[in-house]
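Below, each chain spelled out in residue letters.
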Amino acid sequence: MTRTTEKGHGPLKLATRLITGGRNPDESFGFVSIPPYRGSTVLYPSAKACLARESRYAYGLTGNPSMEQLNTLWSELEGAEGSVALCSGAAACTVALLAVLSAGDHLLVPDSVYRPTRNFCNGMLRRMGIETTYYDPMIGGGIRTLFKPNTRAIFTESPGSHTFEVQDIPAIVAAAREINAFTLMDNTWATAIYFKALDFGIDISINAATKYPSGHSDVLAGMIAANARALPLVKAAHYELGQYLSPDDTYTLLRGLRSMDLRLREQGKAALEIAHWLKARPEVLKVLHPALPDCPGHEFFKRDFTGSSGLFGFVLKPGYDSLAFIDATDLFGVGFSWGGFESLMIPVDATSYRTVTPFAPGGACIRIQIGLENIEDLKADLAQAFAAIAT
Ligand SMILES: *Cc1c(COP(=O)(O)O)cnc(C)c1O
């Protein structure tokens, strides 16, 4: 399939890359989508060929046609040297950390980090003799003050998926380079569509593909994309830990990815409109949406991001009950995760686990994910929920 610059139309745009990336109809009897190859054993033509691993795929765990397609597409999207697919977003975070850390190393992690990543640092990494220091997500270049002689890696997550602080990634990357530390980013919120982590100098970009890339709340998956410096370490850790994505889930993820640009654009647009609508409500104190000035790091969002996704937070004025509000809605499901086609809300309480920067937004905080429902229906539902808690 010809699909690069060969026909003289210049580098392909992102939406086109998502549609064409990794596809090779010649290898699937002409069919558009490649079926999942459910397989463990790969047969070799002879014992000699087996010994020399003379075949395109060695074993089902480590390679199959759809896995190859997925990695090609994802690496193009991220502008990465290469990428690997894993069985969850959580596995993507832990395998990426294990790829670069060894006993005796020091790691820096933002206080706003996704909670299971924090649990991994405080649990298994600590047991392995790796020390974590949490830092204020707004620290920027001030991160230098936390460096130790053994600081090996800096983890970032921007914006934080519960509290939405946008980090000054260029400042952190510049500081990390002075000590040759690896930089990692959980880029689940923006995805490479709205924030090209590797172009900003991040070594390892992590995505919970469970969210927007799959898009239908029906698969758990994670992706790690890496630059040339980090890729051999990422591939080795992935192989040694064996946290691969199953063929069926690889298929499902690829299916979702083809429409990610369209979904993200619609959900981002609707979320921004609802964020402004909420901001104008008398019951709302603040809206923690990176594109709105209430959000810490809004200036970095404006400088570095090319768009916003469909997840944000809002804070009710004192006296309003967030649990009653959530329960009063009809179209918003109550549940973890996000990035699917359906709208969701959860109460946010970050006070219990943060250790460096208290999260005290001034009222009860709600995280909201905007799905693909009609926006007027969503606004009407929110309006009736506000009316319900006023009485
Ligand atoms: C959901 C999420 C993960 C983990 O993804 P799972 O597939 O649910 O394990 C990691 N980081 C962030 C920011 C997330 O929102």
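What counts as what
- Every chain is numbered independently, its residues counted from 1 as its sequence is written.
- Totals for whole chains, interfaces and linings use all residues, but because this is a predicted model, local features are given only for residues with pLDDT of at least 70 and pairs of side-chain atoms are given and counted only at 80 or more.
- Heavy atoms throughout the structure, all of them, feed into the side-chain values; hydrogens and water do not.
- Domain delimitation in this document rests on an assignment produced automatically or drawn from a domain database.
- In what follows, a contact means two residues having at least one pair of non-hydrogen atoms within 4.5 Å.
- Put simply, buried area is the surface a 1.4 Å probe can reach on two separate parts but cannot reach once they are joined, added for both.
- The term salt bridge refers to a side-chain nitrogen of Lys or Arg lying within 4 Å of a carboxyl oxygen of Asp or Glu.
- Contacts described as polar in this section are N or O atom pairs within 3.5 Å, which, within protein, must combine one atom able to donate a hydrogen with one able to accept it, while residues neighboring in sequence count only if both atoms come from side chains.
- Residues are labelled near a given molecule or strand when at least one of their non-hydrogen atoms is within 4 Å of it.
- Only the protein chains shown count as cover for residues, with accessible areas throughout obtained via the Shrake-Rupley method and a probe of 1.4 Å.
- Elements are defined by DSSP. Helices are runs of H or I of four residues or more, strands are runs of E of two residues or more, and each kind is numbered from the N terminus.
- Only buried residues count toward a nonpolar core, which is a set of Ala, Val, Leu, Ile, Met, Phe, Trp, Tyr and Cys residues joined through side-chain atoms within 4.5 Å.
- Each residue gets one of three labels from its accessible area relative to the maximum for its type: buried under 20%, exposed over 50%, partly exposed in between, using a 1.4 Å probe on protein chains only.
- Ring geometry is summarised as follows: Phe, Tyr and Trp rings, the Trp one being its six-membered ring, pair when their centres sit within 6.5 Å, and such pairs are stacked at plane angles under 30 degrees, edge-to-face over 60 and tilted between the two.
- Two strands are said to pair when DSSP picks up at least two bridges between them.
- Structural elements are reduced to axes, namely lines fitted to C-alpha atoms, with helices fitted over the stretch in contact, and the angle between N-to-C directions of any two is expressed from 0 to 180 degrees.
- In this scheme, a crossing is called left-handed if the near helix is turned counterclockwise away from the far one by less than a right angle; it is called right-handed if the turn is clockwise.
- Just so you know the grouping, Ala, Val, Leu, Ile, Met, Phe, Trp, Tyr, Cys and Pro go in nonpolar, Asp, Glu, Lys and Arg go in charged, and all remaining residues, Gly too, go in polar.
- Seen with the strands pointing away from the viewer, any crossover whose path from the first strand over the helix to the second strand runs clockwise is right-handed.

### Here we look at the domain arrangement of the chain
Reports of interface size often rely on the accessible area that becomes lost once the parts have come together.
1) Next: What the domain assignment reports for the chain is domain 1 (14–257) and domain 2 (261–390).
2) Next: Contacts between the two partners involve 41 residues from domain 1, matched on the other side by 40 residues from domain 2.
3) Next: Both faces combined, the contact of domain 1 with domain 2 buries some 3600 Å², and carbon together with sulfur accounts for 61% of it.
4) Next: Among the residues of domain 1 in contact with domain 2, W189, Y194 and Y212 are the three that bury the most area, contributing 25% of the side total.
5) Next: At the boundary of domain 1 with domain 2, the tally comes to 3 salt bridges.
6) Next: Linking domain 1 with domain 2 are 20 residue pairs in polar contact (both at pLDDT 80 or more).

### Regarding the site of the ligand
1) Next: Every one of the 14 residues lining the ligand counts as a neighbour, but G89, A90, D186, T210 and K211 are closest to it.
2) Next: In isolation the ligand offers 380 Å² of accessible surface; the protein chains occlude 90% of this area.

### Concerning the pattern of salt bridges
1) Next: Applying the stated criterion to the full structure yields 18 salt bridges.
2) Next: Among the ionic pairs, D261 bridges to R265, the shortest N-O distance being 2.6 Å. Separated by 4 residues within a single helix, D261 and R265 lie in helix α10 (residues 260–279), roughly one turn from each other.

### Focus on the nonpolar core
1) Next: One finds L70, W189, L253 and L257 to be the most contacted residues of the largest nonpolar core, which totals 45 residues.
2) Next: For this core, the leading source of residues is helix α3 (residues 65–78), giving 4 residues.
3) Next: Of the domains in this structure, domain 1 (14–257) and domain 2 (261–390) are the two that each give at least three residues to this core.
4) Next: What W189 contacts, discounting residues up to four positions off in sequence, is P159, F164, Y212, P290, F301, F305, G307, S308, S309, L311 and W338.
5) Next: L97, C121, A153 and I204 belong to the second largest nonpolar core, which has 31 residues in total.

### Some words on the packing of aromatic side chains
1) Next: In total, this model carries 9 aromatic pairs according to the counting rule given.
2) Next: Summarising the aromatic geometry, the rings of W189 and F301 are spaced 6.3 Å apart at their centres and angled 75 degrees between planes, so their arrangement reads as edge-to-face. Here the residue W189 occupies a position in the loop between β5 (182–186) and α7 (191–194), and F301 occupies one in helix α11 (residues 298–304), the gap between them amounting to 112 residues.
3) Next: Centre to centre, the rings of F314 and F325 are 6.0 Å apart; their planes meet at 85 degrees, and the pair counts as edge-to-face. Of this pair, F314 sits in strand β9 (residues 311–316) while F325 sits in helix α12 (residues 322–328), and the two are 11 residues apart along the sequence.
4) Next: Residue classification places F314 among the buried residues on the basis of a relative accessible area of 0%.

### Things to note about helix α9 (residues 247–257)
1) Next: Those residues of α9 lying buried are P247, T250, L253, L254, G256 and L257.
2) Next: The elements touched by buried residues of α9 are α1 (14–20), α3, β7 (222–226) and α10.

### With respect to the sheet that holds strand β3 (residues 131–135)
1) Next: In space, the 7 strands of this open sheet follow the order β1-β7-β6-β5-β4-β2-β3, with mixed pairing throughout. Whereas interior strands pair on both sides, the edge strands pair on one side only; in this sheet they are β1 (82–86) and β3. The average undirected angle you get between the axes of adjacent strands in this sheet is 20 degrees.
2) Next: The pairing of β1 with β7 spans 5 bridges and is antiparallel. Paired with G82 across the two strands is A226, which belongs to β7.

### Brief notes about the sheet that holds strand β11 (residues 344–348)
1) Next: The 5 strands lie next to each other as β8-β9-β12-β11-β10, forming an open sheet whose pairing is mixed. With one partner strand each, in any of the chains shown, β8 (284–288) and β10 (333–334) form the two edges of the open sheet.

### Comments concerning the packing of α3 against α9
1) Next: Across the interface, α3 lies against α9 with an axial gap of 9 Å and an inter-helix angle of 35 degrees. At the point where α3 passes α9, the crossing takes the left-handed sense. Across the interface between the two elements, S66, M67, Q69, L70, L73 and W74 from α3 touch T250, L253, L254 and L257 from α9.
2) Next: Taken together, the residues of the contact of α3 with α9 sort by class into 7 nonpolar, 3 polar and no charged.

### Some thoughts on the environment of Y59
1) Next: With respect to the helices and strands, Y59 occurs in the loop between α2 (47–51) and α3.
2) Next: The spatial distance from the C-alpha of Y59 to the C-alpha of L43 is 8.8 Å, given a sequence separation of 16 residues.
3) Next: With residues up to four places along the chain from it excluded, the contact list for Y59 reads S40, T41 and V42.

### Details of the pairing of strand β2 (residues 106–110)
1) Next: The buried count for β2 comes to 5 of 5 residues, which makes it a mostly enclosed element.
2) Next: Burial along β2 is two-sided: H106, L108 and P110 facing one way and L107 and V109 facing the other are all buried.
3) Next: For the crossover from β2 across helix α5 (residues 115–127) to β3, the handedness is right-handed.
4) Next: The sheet contact formed by β2 and strand β4 (residues 151–157) spans 3 bridges and is parallel. Looking across to β4, one finds that L108 is bridged to I154.

### A few points about the side chain of T156
1) Next: Tracing the chain through its elements places T156 in strand β4.
2) Next: For T156, the contacting residues outside a window of four places in its chain are P110, Y135, Q167, I169, I172, L184, M185, D186 and I202.

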